[in-house]
Amino acid sequence: MKVLIADGVSQMAVDILKDEFECDVRDKLPADELLAIIPDYDALIVRSASKVTAEVIAAAKNLKIIGRAGVGVDNIDVAAATDKGIIVINSPGGNTIAATEHTCAMMMAMARHIPIANETLQKGEWNRKKYTGVELKGKTLGVIGMGRIGSGVAKRALAFDMKVIGYDPYINEERCKDMGVTVGTFDEVVEKSDFITVHMPLTDTTRDMINKDVMARMKKGVRLVNCARGGIINEADLREAVLSGQVAGAAVDVFTSEPIPADHPLLGVPGIYVTPHLGASTVEAQIGVAVDVAQGIKAALNGEPVMTA
Ligand code: MLT
């Protein structure tokens, strides 16, 4: 059987599969090429770049399983795959630490203006006063989405002596209490926090969850972090809120459409710091997700049960 490994997934996936299956590794596969070659394959492994649309699934004559080396399956038409009897698996745990640590790094870099201070000093500008930051200690961090990553961020924020208030429709109140996290409603998190970080999947419910009306209800000078999915915080509204000073800063790793163009609304705005979807980009996480997904593919192609996404 043949496995197509796209999107620069770690070599570890090939190492696990190559003895039993023919593996083709392709990076930056254009959409039309994926559509053209997919009929040859029994399994497909992707990160987030390849879009496994209903059209790709319809063209896939032999496909039995799609493996997402990562968490979010929003680049895969899961309903179309399921209708065709194609299994979709992901790696829910492999990049948790990477995404957690990136969120904390973004929050701290934003609080202390590290990216712009570095950029200007590299040009010879010594700006100590201009880049006066704020401390995390004593500030309230609102965590929207208290799953693996949200809880990990909360735990680390508590170590910095932040107060943490968490909201999640499926919250485990006992666990939050044990951690020292106050459980709040969405409105409480919005209204009481000095920093807010979102950790939800992108769904019809979470799209634009943080929009201009919600931002207007936040404390003036709030700082926002999105290392989850583009679109949870409305991009145009965020730009306006930062320009108006209602939001003092934003740290954004994910965008509604990626890669972003040079004229994207979140670029060129003082106070908005961006990274190109690096949340899961650590050596350890890329090995973790590749191993998880390759083991799942191997099991499924051998007829063993697997956990679907
Ligand atoms: C994920 O969903 O796992 C992350 O966003 C990382 C990625 O897309 O590779």
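Everything quoted here is computed from the prediction, not taken from an experiment. Residue numbers restart at each chain and count upward from 1, following the sequence in its written direction. Local features in this predicted model are restricted to residues of pLDDT 70 or higher, and side-chain atom pairs are both shown and tallied only at a pLDDT of 80 or more, whereas totals for entire chains, interfaces and linings draw on every residue.

**Considering the overall build of the protein**
By the criteria applied, helices consist of DSSP H or I runs no shorter than four residues and strands consist of E runs no shorter than two, each listed in order from the N terminus. Along the protein, the regular secondary structure elements total 12 helices and 12 strands. For the protein, the C-alpha radius of gyration of 21 Å lies close to 19 Å, the compact-globule estimate for 309 residues. Overall size of the protein, expressed as C-alpha extent along the three principal axes, is 60 × 50 × 30 Å. Expressed as a percentage of the 309 residues in the protein, the buried residues total 42%. C-beta atoms are first placed from the backbone for all residues, and any pair lying within 7 Å is then listed as a contact. Taking the contacts inside the protein whose residues are at least 6 apart along the sequence as the reference set, 62% of them involve residues at least 24 apart. Only C-alpha atoms enter the radius of gyration; for comparison, a globular chain is expected to reach 2.2 Å times N to the power 0.38, where N is the number of residues. Any residue whose C-beta has 12 or fewer other C-beta atoms within 10 Å is treated as exposed, any with 20 or more as buried, and any in between as partly exposed, C-beta atoms being built from the backbone.

**Topic: the sheet that holds strand 4 (residues 65-68)**
One requirement defines pairing of two strands: DSSP has to find at least two bridges between them. Pairing within the open sheet is parallel, and its five strands lie in the order 2-1-3-4-5. Pairing within the sheet leaves two strands with one partner each, and these edge strands are strand 2 (22-25) and strand 5 (87-89). Geometrically, the sheet is characterised by an average inter-axis angle of 15 degrees between neighbouring strands, direction not taken into account. Pairing between strand 1 (residues 2-5) and strand 2: four bridges, direction parallel. Orientation is described by lines fitted to C-alpha atoms, with helices fitted over the stretch in contact, and by angles between N-to-C directions that extend from 0 to 180 degrees.

**Considering the site of the ligand**
The full set of residues close to the ligand is R47, S48, G70, V71, G72, N95, G279 and A280. Within the shell around the ligand, the residues separate by chemical class into two nonpolar, five polar and one charged. Any residue whose C-beta atom, as placed from the backbone, lies within 6 Å of a molecule or strand is termed near it. Each residue gets one label: Ala, Val, Leu, Ile, Met, Phe, Trp, Tyr, Cys and Pro are nonpolar, Asp, Glu, Lys and Arg are charged, and the others, such as Gly, are polar.

**Considering the packing of helix 5 (residues 96-111) against helix 7 (residues 148-159)**
At a minimum axis separation of 9 Å, helix 5 and helix 7 run at an interaxial angle of 50 degrees. With respect to each other, helix 5 and helix 7 are oriented oblique. Crossing hand, helix 5 versus helix 7: right-handed. From helix 5, T96, A99, T100, T103 and C104 reach across to helix 7, where they touch R148, I149, G152, V153 and R156. Its residues placed into classes, the contact of helix 5 with helix 7 shows four nonpolar, four polar and two charged. Here the word oblique covers every angle except those under 35 degrees (roughly parallel), over 145 (roughly antiparallel) and from 65 to 115 (roughly perpendicular). By definition, turning the near helix anticlockwise from the far helix through less than a right angle yields a left-handed crossing, and turning it clockwise yields a right-handed one.

**Points about the confidence of the model for the protein**
pLDDT: the predictor's confidence for each residue, scored from 0 to 100. When the pLDDT values of the protein are averaged, the result is 97; 100% of them are 70 or greater. In the predicted assembly, ipTM is 0.92 and pTM is 0.93.

**Brief notes about the sheet that holds strand 10 (residues 222-226)**
Taken in spatial order, the seven strands make up an open sheet running 8-7-6-9-10-11-12, and their pairing is parallel. A single partner strand is all that each edge strand has here, and the edge strands are strand 8 (182-183) and strand 12 (272-274). Where strand 7 (residues 163-167) lies against strand 8, two bridges are found, and the strand directions are parallel. The residue of strand 8 that forms the bridge with G166 is V183.

**Points about the domain arrangement of the protein**
Split into domains, the protein comes out as domain 1 (2-94 + 283-301) and domain 2 (96-274). Domain delimitation in this document rests on an assignment produced automatically or drawn from a domain database. Placing the centre of domain 1 and that of domain 2 at their C-alpha centroids yields a distance of 31 Å. Tallied by class, the residues present in the side of domain 1 that touches domain 2 amount to one nonpolar, two polar and two charged.

**With respect to unusual backbone geometry**
Omega for the peptide link from E258 to P259 comes to -5 degrees, which places this bond in the cis form. You will see that D7, though not glycine, has its phi angle at about 65 degrees, which is positive. Structurally, D7 is set in the loop between strand 1 and helix 1 (11-17). Here D161, not a glycine, exhibits a phi torsion of approximately 65 degrees, which is positive.

**Some points on the nonpolar core**
The biggest cluster of nonpolar side chains holds 85 residues, and the ones touching the most others in it are L44, I45, L224 and V293. Two domains each donate at least three residues to this core, and these are domain 1 (2-94 + 283-301) and domain 2 (96-274). Filtering out sequence-adjacent residues up to four positions away, I45 remains in contact with V3, I5, A6, V9, A13, G67, A69, V293 and I297. Note on terminology: a nonpolar core is any set of buried Ala, Val, Leu, Ile, Met, Phe, Trp, Tyr and Cys residues joined through C-beta atoms within 7 Å.

**Brief notes about the pairing of strand 6 (residues 140-144)**
Most of strand 6 sits inside the fold, with four of its five residues counted as buried. As paired strands, strand 6 and strand 7 are joined by five bridges and run parallel to one another. Residue V143 lies in a different strand from strand 7, and its bridge partner there is G166. As judged from the four bridges shared by strand 6 and strand 9 (residues 195-198), these two strands associate in the parallel manner. Each bridged residue has a counterpart across the sheet, and for G142 the counterpart in strand 9 is I196.

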